[in-house]
Every structure is written in structure tokens, then in C-alpha cells.
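Examining the three-dimensional arrangement
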Amino acid sequence: MNILYFANESRLGGANLSLLGLLDEMSGKHNVSVVVPIKEGYMVEELKRRGIPVYYRHSFWWLLAPAKHPAVTALKKMAYKILCLNNYLCAWSLRKVVKEQSIDIIHTNSSVLNTGGILAVMTGVPHVWHIREFGQEDFGFFSVWKYERICRFMNSHSDKVIAISQAVGRKFQDKISSKKLEVIYNGVSEENICCKTDIKTKEAIIEFLIGGRVSPEKGQEEAIGAVSILVKSGYRNLHLSIAGPGNTCGLKRRIAEEGIEAYVSILGTVKDMSSLRRKTDVELVCSTCEGFGRVTAEAMMNSNPVIGANTGATPELIRDGETGYLYEKGCVEDLVQKMKIIMDDPDKIRVLGKAANERSVKLFTRKHNAGEIEKVYREICREV
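Quick notes on the rules
- Residues numbered from 1 in each chain as written.
- Predicted model: local features only at pLDDT ≥ 70, side-chain atom pairs only at ≥ 80, totals over all residues.
- Heavy atoms only, no water.
- Helix = DSSP H or I, 4+ residues; strand = E, 2+ residues; numbered from the N terminus.
- Rg over C-alpha atoms; globule rule 2.2 N^0.38 Å.
- Contact = heavy atoms within 4.5 Å.
- Areas by Shrake-Rupley, 256 points an atom, 1.4 Å probe, with all protein chains shown as cover.
- 1 Å grid on protein atoms, 1.4 Å probe; cavity = no way out; pocket = protein on both sides within 12 Å on 5 of 7 lines; lining within 4 Å.
- Points joined across faces, edges and corners; volume = space filled by probe spheres on them.
- Nonpolar A, V, L, I, M, F, W, Y, C, P; charged D, E, K, R; others polar.
- Buried < 20%, exposed > 50% of the residue type's maximum accessible area, 1.4 Å probe, protein only.
- Pairing = 2+ DSSP bridges.
- Right-handed = clockwise from strand over helix to strand, strands pointing away.
- Core = buried A, V, L, I, M, F, W, Y, C linked by side-chain atoms within 4.5 Å.
- Patch = residues over 30% accessible without salt bridge, like charges linked within 9 Å, V, L, I, M, F, W, Y side chains within 5 Å.
- Salt bridge = Lys/Arg side-chain N within 4 Å of Asp/Glu carboxyl O.
- Lys, Arg positive; Asp, Glu negative; His and termini not counted.
- Charge placed at Lys NZ, Arg CZ, Asp CG, Glu CD.
- Axes fitted to C-alpha atoms, helices over the stretch in contact; angles between N-to-C directions.
- Parallel < 35°, antiparallel > 145°, perpendicular 65-115°, else oblique.
- Left-handed = near helix turned anticlockwise from the far one by under 90°.
- Arc of directions from axis to C-beta.

Turning to the overall build of the chain, a few remarks are in order. Of the regular secondary structure elements, the chain holds 17 helices and 15 strands. Taken over C-alpha atoms, the radius of gyration comes to 22 Å for the chain, in line with the 21 Å a tight globule of 384 residues would show. Put simply, of all contacts in the chain between residues at least 6 apart along the chain, 69% involve residues at least 24 apart. Of the roughly 16,800 Å² that the chain leaves accessible, carbon and sulfur atoms contribute 52%.

Here is the structure:
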């Protein structure tokens, strides 16, 4: 098959990392190419490094992050209603690519961009629309047009819509035709698979890790608060690493105010997360609402049990008490109690970690993800 993908941005966020993993699996069996909205950036560099053909078209998002001031947000909304009309011109200019490359499938990698859907209708090529985010709940996005209108557009301009979790699927179950909506979990690299056998003693330092971009919705402050409570209640054999890009000034102030500098390290962007995870015992996922939870799946593959907030798709990935623990989001005391369970009985790290590893290898690998998506491709190609 000849497949044309639409990437939504140039940075290597979760959506693009998932797309790159899918491309790595598909490129060995199919002819793949990618449309990008920006000529330069990490995504373009990664595509070129893989030898994947890249087409540049400056499309605009129809789901946006709000500005700090409501008036600016209103102006932004008005402006993007006009700018998004450019996406029709972008789609029109790609008709020649579709024809010359004999494209069989168009695949849009995110719900924030509609150019792929427009191109599919223009050319009559089957279209798969991948929903990798809630939008409002996880990123705080607002829609340029009424959200119901956007959902109707997605439904009418796609042959299949893939949600990355049951939680995301439930949001769209009354907006997208049940015949079109599929749930396929994201895939993460098998390079994360690590079967740990070391046993922790009660005297050893328990290494906790919270990974991902530094942002209020990722809950780093909640993790810091939990460490502070533990230390002040007498638990001293623990350490928390915070890994990820973003402004850490607020976190550093909070750590200093709590007087726990010896127990928390801010690492910034970590290029080799695999090495860091091999030194980690337990990972924390304190996000407000994860559409899937790449960090959770990677942690589980590394045999690291996860203590995660009971929101979004996190309860789908973690089996409470079997592969990790769930806590009440926003309740630091509940997070503390779940951390205490492991601090008081370190043997649980390996028991939970082994079960987490087995579950993730079964459900969350790139190979499994690509196989399920390939079934979708073949199904809609037969229907044409």
C-alpha cells in the first residue's frame, strides 16, 4: 500500500513519537510519506534520517491553546477561522501528490488538523483519522468552530476514526459513527523492554521518577508534595527524579520551600530515558487526564510499577494492586498512602513490575499497534 500521513507539528511530542514508531513498522512493508506543517524541526529531521519522503504544507490547527487574556483568545479564535481556510488550498495543492504516488490511504495523525480529511474528500481516497488527545481535558484546547461541528466534519470526512484508548473513545462515541470508531492502544518501542530481577531491601533508597513535559497538568507539584509529606513523616530512604522539558523555576521554589532538596532532583530533558529507567524503581503519573499514557506504557515495559492518577486512560493501563496502584487525582494524601505501601514492602516492586512488564509487552508494543492499524487499512481498502 501507498500511505500518506499528516503530522500535526514539528516537535517530538507524544503524537509524533507514536507516528514515528508506526512509520518504523510500516515502512518495511509499505510505501510511506508524510506531510508536515513546518519545514524544519525535530520531526522533519527524524523523517529525513529514515529516508521517508516529506511534503511541506503550512496547515493551521482548528483546536488551539487559549491565551492568558480572554480578549486575546477571542481574537485568536476569529483569526484562525480565516487561517483554517488555507487548509483547503493546502489540500488542493496535494492532489497531484496523491495521483502521482498512487496513494491508497490518507492517515491524519491528530484531531487538531483537518487538511487530511479535506484532501481525502477531494481525491476519493480512504481516510483514517487518529484521535490522540481529548483536547480540552488534557491540553485545555478550545475549538475554532463549535465542537459539535468539528466532530461532524471528522465523521463525514473519514472512513475510520482511531481512538488511542477506551477513555478517548467514550468521549466520541455519540459523535462518531460506531461503524467508524475503533480503539487501538498506542505502541511504544520494544527497546523499552527490560526484565528486572534485583530485590530492594527496606534500607535501600527507593528511586521514584516522574517523566514528561513540565506543566501543571502533568502534576509534578503533586509528586513533590507527596515526597515532602513522606520525608516529614520519617521516610528518608527515597528519592524523586523529575525528567522532562519545560520551565522548572516554580518546581525549584517549591522544593526549596519544603526543604527537600536532598530528596528531589530536576533533570530537565533526558535523552537516554532507558538508562534512567533501569535505575528507577517506581514511576509516578500524576497527570490531570492522559489520552493514553506513553510514559506509563514505557515504565511498565521497563518492569517499573506505576502509581497513577485515576483519570483518563491511566486506569486502563494500570491494574490497581496488580501492576501498580491508582490514587485519587488531586489528593496528595492518597498518593502518599500508595507510595507508603511500596516503601513499607519493597518486595512489591519486583512483583508488580513483573506483572506490569508482561501486560505491556502483550498490549502496548509498536508491532501490536501497527498490526491493528494495518487491519484497519485493509478493511477500508476492501470497502472502496
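Glancing now at the layout of surface pockets. Regions of empty space are outlined by a rolling probe, equal in size to a water molecule, passed over the atoms. In this structure, the second largest pocket encloses a volume near 160 Å³. Around the second largest pocket, the lining residues are Asn8, Glu9, Ser10, Pro37, Ile38, His58, Ser59, Phe60, Trp61, Leu64 and Tyr80. Looking at the lining of the second largest pocket residue by residue, the classes come out as 6 nonpolar, 4 polar and 1 charged.

In this section: the pairing of strand β2 (residues 31–36). Judged by how many residues are buried, β2 sits mostly within the fold: 5 of 6 residues are covered. When strand β1 (residues 2–6) meets β2, the two strands line up parallel, connected through 5 bridges. When the sheet's bridge partners are listed, isoleucine 3 is paired in β2 with valine 32. For the segment spanning β1, helix α1 (residues 14–26) and β2, crossover handedness is right-handed. Pairing between β2 and strand β3 (residues 54–56): 3 bridges, direction parallel. Looking at β3, one finds that valine 36 is bridged to tyrosine 56. The β-α-β motif built from β2, the intervening helix α2 (residues 42–49) and the parallel element β3 has right-handed crossover chirality.

We now examine the nonpolar core. Formed by 56 residues in total, the largest nonpolar core has its most connected members in Leu4, Trp62, Leu119 and Phe364. The next biggest cluster of nonpolar side chains, apart from the first, holds 33 residues, and it includes Ala223, Ala226, Ile307 and Ala309.

The next point concerns a positive patch on the surface. Taken together, the side chains of Lys77, Lys81, Lys146, Arg149 and Arg152 define a basic patch exposed on the protein surface. Put simply, the parts of the chain that give the positive patch at least two residues each are α3 (70–83) and α8 (147–156).

Next up on the list: unusual backbone geometry. At serine 102, a residue that is not glycine, the phi angle is positive and equals roughly 50°. Among the secondary structure elements, serine 102 is positioned in the loop between α5 (95–100) and β5 (105–108). Within the chain, serine 303 stands out as a residue other than glycine whose phi angle is a positive 65°. Note on placement: serine 303 falls in the loop between α13 (294–301) and β14 (306–309). Of the residues examined, serine 303 reaches a relative accessible area of 3% and is grouped as buried.

Let us now look at the packing of helix α10 (residues 220–232) against helix α11 (residues 249–258). Look at α10 against α11: their axes get within 10 Å of each other, and the N-to-C directions meet at 15°. It follows from the interaxial angle that α10 and α11 lie roughly parallel. Once α10 is placed against α11, the crossing between them reads as right-handed. Seen from α10, the contacting residues are Gln220, Glu221, Ile224, Gly225, Ser228 and Lys232; seen from α11, they are Gly250, Leu251, Arg254, Ile255 and Glu258. Class assignment of the residues belonging to the contact of α10 with α11 gives a composition of 3 nonpolar, 4 polar and 4 charged.

Moving on, we get to helix α4 (residues 86–93). All buried positions along α4 are accounted for by Asn87, Cys90 and Ala91. Down the axis of α4, the buried side of the element spans an arc of 95°, and every buried residue falls inside it. Along α4, the residues that are exposed and aim more than 90 degrees away from the buried face are Leu89 and Trp92. As for α4, its buried residues are in contact with α3, α5 and α6 (115–123).

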